[in-house]
Every structure is written in structure tokens, then in C-alpha cells.
Amino acid sequence: MIQSVQAQQKNILWWVFGAFVLSNGLVAYSGLPLWQKNLIGLIGLLTPFVLMAFQILKFEPTLNNNKNFSAPSLGLWVLAVLAFLMFFLRFSRLSSFSTWPSTDDGWFGAYALDLYEKWNWNLLFGYIKFPAINFWPQVLLFKAFGPSLFSLFLLPALLSVLIVFFAYFAAREYFSKSFSILCSSIAAFSFWPLLVGRIPGGGGAIPVLELVVLVLVGRMLKSETGNKRLGLALLLGVGLALGFYCSFYYWASYWAWMNLFFLWLGFREQKTRSSLLKVFLVEVALLIPLALVFWQDGAWQYVKSLLFVGHNNAWVAGGFNSLSYLTSFLWGADPSGFVYRPLWGGFLNPVSGAFFIFGFIGLIGRWKDTLWRWVLFSFPFLLLPGLLSQTFEMYRIISMLPLVILITAIGISDLFHQFPKKSKVFLALFLISLSLDTYHLFVVYRQIWAVPGIQWRPFKSLERWRAFEILESQQQEKGPGLILTDFVTRNFDRTLDLATYSFNVDRNQSLSKAQSTWVAVMFPSHLKPFLSKRFAEGKWYDLSEGLPDSYENKCLGIIPYSEKDKQTFAQWELANHVFKEVNRKMLYSSRQMTFQEYETALLSERSAVGKDPFLESCFDQKLLGAFDTGAEPQKAVYVAQRGLKYGYPSAFFTDELANLNKAKR
């Protein structure tokens, strides 16, 4: 890395590298007390980092030119094995890797499923303001393979593959072929890109789009012909605007940094001004419609809710604070099991993390090169969405992924430049790094979700997974069925809709209801004694076994379809649609639906309940859960009494009345 340092001092680099690996490993993986980890970080990471950065600036060395980086050549069979491994790591156990989608994954699938069934041109979805283009690729996969968990998990896997390929093409615009292969290899076998490939939601499109933009920038600046440069400028403007149609919060910092770079470049190089002006004009033209919708829908309020500004945030030692986004690169495992973050160490393992630190030092050493200065400037800039957040989520800093790949590649390149004959050492380091990352993904991460249980809460629904296991077995034995899931108190988790779509005649319009020989209904468990008596031939499954006892616990009933109950099931199906539409109002509300609005939406559909005691019980329980019973005790007493009178005499209503009467006294 530092050619001006005397040759006899070169081996100290290995000692420093070893210190980085060991220190980072102890901080990331050990159970040492926090003060000891801080001490290790200070002595083993921060101190040598500062000393090396100071030395590289002091001596102004001639650094390795990454355009001339030359890695050892690999045989075709080695490349074939690596390609197979890259695909295997992304597609192995595709739909069952994490056993069941999270609630957020279910929302993403629900929006895409609605678009699949009935297309619309909405630009934003729901109070979280999901931009529309997030869902379009998912809809295409639904069209190609049918709506299913497989299709849901296929999209992130494909996006992760695209990150690998575009990492090469983007690097190739600026660096040597060998260095570009190195960047692509890091993208192929590192934990963070692999994790992105396992989580639905479209977030993986952000790094793909970033890399595409970098390809277009490189080709536009190198283009000599006017027509070609014009076409590339137009495409670049589309790419930069398109990011906001994927995500405003995740894309904004990258967009701002890139446009600041264009402004600087325009002032510096007159020949680029015309092309850059066209880029700006295309961006403005494409962003005006989205900006208007953002303003009309009050999307800025949701963005504001993500920021720590104006919120009371306690910076607790060992707990979350905004700097957790910075530490998450090297260590940042979260014991809660949240799905969008590393669960064992950081996004980088100790080996790749040591290369990342070396690369960052190399980046500092390139400070006098103006273009590299812009790259260094991008690091804090792209971190801003995370640093300004009041909670931790991987996608807040997903735009950092290409930069982390580049910095890690610089570290490997610079160290290899000093020791080009140490190929076996670098191969061993690659295998160690790969082993740590695959262990993190396939063992640590996988095991947290592999065994369903109470630890899934609040990220995944154990009850819906259990229901799917039963329903899938039922359809394998008896074919499609009528599946009704919206009788539970709040069915805001839509994962079951997508999982059962292929064999649910209630939702899948391509299936004939005449095919159905059974009806499945998910309902509050306390109604089971009444339904089991009413339908003696039915089978009943406790979905909440092992969970805390609650009147919101769920039960699944499988009832044979018979002509004598045809009218009953038709009424249930209608009521299920009504309850589903009420939940859809919440899903599509431009702001988070209040309890009052949810209550109003329920009451507007009161007539669909009819005189069926089961539907009455479900409706009144939903209604009691839609307002503050303590604040409105008279209304609560009325609803509970009505539930007892017209519904089943469930203990839920008698207990609710007893509690309300006790509160009055």
C-alpha cells in the first residue's frame, strides 16, 4: 500500500491486518463486557487505523493504481464452480429459507397481488408511501410463475444476482478487468448482498440502480459522438429519477451526491455541460408527477416520522442509536432477531472487515485525487439516511452497498499489490471469509427462523405459518378449497393470502368453486366450542399453541363442503370479503388509519353480518378491538351485550362485560 515506506517495514502490514482481524472478531463475536470491547476497539482498531492514515498522508506515497491491478488467473473449471456457488447461495431453499415471510414481506406481496389482479397507475401505496415501481417487477414474476411464496422470494434473489453482474460492469468503466472481477466476487460471496437476496420488498433494486447509473456515467463521459452521448444522458436522467419511484428515503442521498458531482463536473469541464443539462431536465420532468403526489398525500409526514429530529431518543449504552448504522459494518448483531440486519457480527466479517479498513485507509491516501475525494465524500453522505433515523433498518443505508464493495476491493488490491506472490494466503483468506459469511447466513440467520416459535413475534406470524402447513396438506389430499381468513380480530398480516393463492377458490379467480370440497376458516379460538358443535364433521386446529393465552388466539377449522350448508358458506364468504375490504382500507390509507376510522369502516359494513351467530361474534369482537373501551365504556357495554345476544355466548363477551362493570365501580 505505501511504497515510500522502507521495504523492511512491509511485513508490519500483515501484523496490522492480523490485529484488525483479531480485534474485530473479538468485538463482533465474543461475549465480553462492553467496556472490554471498547478497549479492544480502541487499541486494536482505532489506534492502528489513525496511525496508518496519518502515515499515508504524511509521506504522500504513490498508491496502487487499481487500473493495473492483476489478480491470479483462474481456470474455466474454477470460474464454473464459483458461478454455481454464487447461484446456489441465492436460490437454495428459496421459498423456505427463512420458513415464512415477515409481516412487512406480506404487505409487499399484498400490494403486488392486488396489482396482479387489477392493475392501477397509483404512484404511492399506503401510509408508508411505497412507490409503485417497487411492485411492478414482482407483478411480472406473478404473471410468469403465478402468485406464490416462490415468486415472492424469487425477486430479491434475482436482484442480488444483478448486483453481482452490474458490480462488474460498473467497475469495468473505471478500473481494470481483474479489479472489476474482484468487485464482482465480493458482491457474489459477501453476507450483505446475500442477505439482500433473501428479503422480499424490492430494496435490492436500489444498489442495482446505483450501479447502472455508474455504468451510464462512465460511458457518457467517455463517449465522443454527440448522438450516443445524448442517448446516454437521457438514460442517465431516467435512471436517477427512477430511484425515487423505488424509494424516496433510500435513494435521496445517492441522488443528491450524484447531482452535486455533476454540478462540480459541469463547472470544471465545459464539454460536459450540455450533456449534464439534459440529465437535469430529464430528472425534473420525470420527478414532477411524483413530487405532486408526495405533496398531496402528505408523504413528507411519513419521512419526518423516520427521523430522530423531534423525537425523544435515549442513547443507551449497548442499545440502538444513530451511530449503530456506522458500527453495523463491522459489528452490530442484534439479539432481538430483527429480520433486516446482521445477527452475528456485522455486515462484514472480521476478514472482509479488515480489508474494508485497509481500503478506507487507501481511500484517505487518494485524497489529493479529486475524483477519489468525491468517493471519500460519498461515505458520510450516503450514511445520512441512517444517521438521521430513529430506528435501525438495513435498507436505510442500502445505498452504501456498492461503496462498501468498492472500499473492500481497494483494501484487497492495495495489500495484494504489496505482496503479489502471496496468492495462497489471499486464497486462504477468501475461503475463511466465505465460510464466515455462509455460516452467518445459513446457520445463524437461518436457525433463528428455522424453528417456528414464540421468538418469531413480532416479526412473523407463527399462527399463519401453522395454518399454511395444514392448508397445504389439505389441498394436496383434496384439491383446492374455500379459504376464509378475515374473521380474526385484526388481519393486517397478509402473508397467508399469497401463500394459499394457488389453491384458494375464494381469491383465485382461475379456480372454479365447483372444485371445492372443503372450507377452511380461521377465527378466534374462543369460538371453537360453538363451531365444533355446529359442524360436528369438521377438524379443528389450535394455531396459537404455546403462545400466551389471549382472546385473540386463533383456531383453524376445516369443514367438508355440503349442499345443506351452501347458503351458510356463501354468507361467510361475503362477510369475509367485507372484513377483508375494511382491512384493505387500512392497507391503502394515505395515512395510518385511526381506531375511529377503523370502527367507522366496520360499522358501514354491518349489514353483511346478517343473523349468523358466528359472524355476529366475529363482528362485535372486531368492533370492541377498534376503539378504546375504557374511554367509551357505555359503547363497549352495548357491543358486548349485543355479542352475547346475537352471537355465541362466548367467555370473551362475558369477561368483557365483567371487566367493564368492575371499572365502573
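Conventions adopted
Residues numbered from 1 in each chain as written. Predicted model: local features only at pLDDT ≥ 70, side-chain atom pairs only at ≥ 80, totals over all residues. Heavy atoms only, no water. Helix = DSSP H or I, 4+ residues; strand = E, 2+ residues; numbered from the N terminus. Rg over C-alpha atoms; globule rule 2.2 N^0.38 Å. Contact = heavy atoms within 4.5 Å. Areas by Shrake-Rupley, 256 points an atom, 1.4 Å probe, with all protein chains shown as cover. Lys, Arg positive; Asp, Glu negative; His and termini not counted. Charge placed at Lys NZ, Arg CZ, Asp CG, Glu CD. Axes fitted to C-alpha atoms, helices over the stretch in contact; angles between N-to-C directions. Parallel < 35°, antiparallel > 145°, perpendicular 65-115°, else oblique. Left-handed = near helix turned anticlockwise from the far one by under 90°. Buried < 20%, exposed > 50% of the residue type's maximum accessible area, 1.4 Å probe, protein only. Pairing = 2+ DSSP bridges. Patch = residues over 30% accessible without salt bridge, like charges linked within 9 Å, V, L, I, M, F, W, Y side chains within 5 Å. Salt bridge = Lys/Arg side-chain N within 4 Å of Asp/Glu carboxyl O. Expected span 1.5 Å × (residues − 1). Phe/Tyr/Trp six-rings, centres within 6.5 Å; stacked < 30°, edge-to-face > 60°. Lys NZ or Arg CZ within 6 Å of the ring centre and 35° of its normal.

(A) Examining the overall build of the protein more closely. Helix and strand counts for the protein come out as 26 helices and 6 strands. Its C-alpha radius of gyration of 28 Å places the protein within 12% of the 26 Å reference for a compact globule of 665 residues. Based on the C-alpha atoms only, the size of the protein along its principal axes is roughly 90 × 60 × 55 Å. Of the contacts made within the protein by residues no fewer than 6 positions apart, 75% connect residues no fewer than 24 positions apart. Accessible surface for the protein amounts to roughly 29,600 Å². Of this, 63% is attributable to carbon and sulfur atoms. Positive and negative charge centroids in the protein, built from 59 and 43 side chains respectively, lie 9 Å apart.

(B) Structural context of the environment of Asn 553. Relative to the helices and strands, Asn 553 resides in the loop between β5 (539-542) and β6 (554-560). Measuring from C-alpha to C-alpha, the distance between Asn 553 and Pro 613 comes to 19 Å, with 60 residues separating the pair along the chain. Once residues within four sequence positions are removed from consideration, Asn 553 is found in contact with Glu 463, Phe 523, Pro 524, Ser 525, Ser 544 and Pro 548.

(C) Quick peek at the packing of helix α3 (residues 76-91) against helix α18 (residues 423-450). Where α3 meets α18, the axes come as close as 12 Å, and the angle between the chain directions of the two elements is 20°. Between α3 and α18, the crossing angle belongs to the class labelled roughly parallel. Taken as a pair, α3 and α18 cross one another with a handedness that is left-handed. Residue-level inspection shows Leu 82, Leu 85 and Leu 89 of α3 in contact with α18, the latter providing Phe 430, Leu 434, Thr 438, Leu 441 and Phe 442.

(D) Summary view of the pairing of β6. A large share of β6 lies buried, amounting to 6 of its 7 residues. When strand β4 (residues 518-524) meets β6, the two strands line up antiparallel, connected through 7 bridges. Residue pairing across strands places Val 521 opposite Gly 557, the latter belonging to β6. Across 4 bridges, β5 lies against β6 in antiparallel orientation. Residue pairing across strands places Lys 539 opposite Ile 558, the latter belonging to β6.

(E) Here's a closer look at the sheet that holds β4. The strand order across the open sheet built from 4 strands is β3-β4-β6-β5, with neighbouring strands paired in mixed fashion. Because the sheet does not close on itself, it has two edges, and the strands there are β3 (482-484) and β5. The sheet shows a mean angle of 15° between the axes of neighbouring strands, direction not considered. Here helix α19 (residues 462-478) sits on the sheet in contact with β3, β4, β5 and β6, set at roughly 15° to β6.

(F) Structural detail: a nonpolar patch on the surface. A cluster of nonpolar side chains, contributed by Trp 35, Leu 39, Leu 42, Ile 43, Leu 46 and Val 50, occupies part of the molecular surface with about 610 Å² of accessible area. Relative to the helices and strands, Leu 46 is located in helix α2 (residues 34-59). When its relative accessible area of 46% is taken as the criterion, Leu 46 is described as partly exposed.

(G) Region of interest: helix α10 (residues 226-246). Here α10 spans 31 Å end to end across 21 residues, near enough to the 30 Å set by a 1.5 Å rise per residue. Buried residues of α10: Arg 229, Leu 232, Ala 233, Leu 236, Gly 237, Gly 239, Leu 240, Ala 241, Gly 243, Phe 244, Tyr 245 and Cys 246, and no others. Lining the buried residues of α10 we find β2 (130-131), α9 (205-222), α11 (248-268) and α12 (273-297).

(H) Up close: the pairing of β4. Within β4, 7 of the 7 residues are buried, which leaves the element mostly enclosed by the surrounding structure. In terms of strand pairing, β3 meets β4 through 3 bridges, oriented parallel. Paired with Leu 482 across the bridge in β4 is Val 519.

(I) Geometry of unusual backbone geometry. A cis amide bond links Arg 457 with the next residue in sequence, Pro 458, at an omega value of 0°. With respect to the helices and strands, Pro 458 occurs in the loop between α18 and α19. Positive phi, normally seen in glycine, also occurs at Arg 93, with a value near 55°. Among the residues examined, Arg 93 registers a relative accessible area of 43% and is labelled partly exposed.

(J) Examining the environment of Tyr 254 more closely. Considering the arrangement of structural elements, one finds Tyr 254 in helix α11. Among the residues examined, Tyr 254 registers a relative accessible area of 3% and is labelled buried. Remark: the alpha-carbon pair of Tyr 254 and Ile 206, spanning 48 residues in sequence, is separated by 9.7 Å. Once residues within four sequence positions are removed from consideration, Tyr 254 is found in contact with Glu 210, Val 213, Leu 214, Leu 240, Leu 382 and Ser 399.

(K) Region of interest: the packing of aromatic side chains. Tallying each qualifying case throughout the model produces 68 aromatic pairs. Between Phe 87 and Phe 91, the aromatic rings sit 6.1 Å apart at their centres with planes inclined by 20°, giving stacked as the arrangement. In this pair, Phe 87 and Phe 91 are both assigned in helix α3, 4 residues apart and thus about one turn of the helix distant. Taking relative accessible area as the criterion, Phe 87 reaches 36% and is therefore assigned partly exposed. Classification of Phe 91 by relative accessible area gives partly exposed; the value is 25%. Members of the aromatic cluster, joined through ring pairs, are Phe 487, Phe 523, Phe 535, Trp 540, Tyr 561, Phe 569, Trp 572, Phe 579, Phe 614 and Phe 619. A cation sits over an aromatic face here: Lys 460 above Trp 449, 4.4 Å from the ring centre. The aromatic ring of Phe 579 is capped on one face by Lys 622, whose charged end is 4.8 Å from the ring centroid.

So, to be careful, I would describe these as geometric facts and stop short of saying anything about function.
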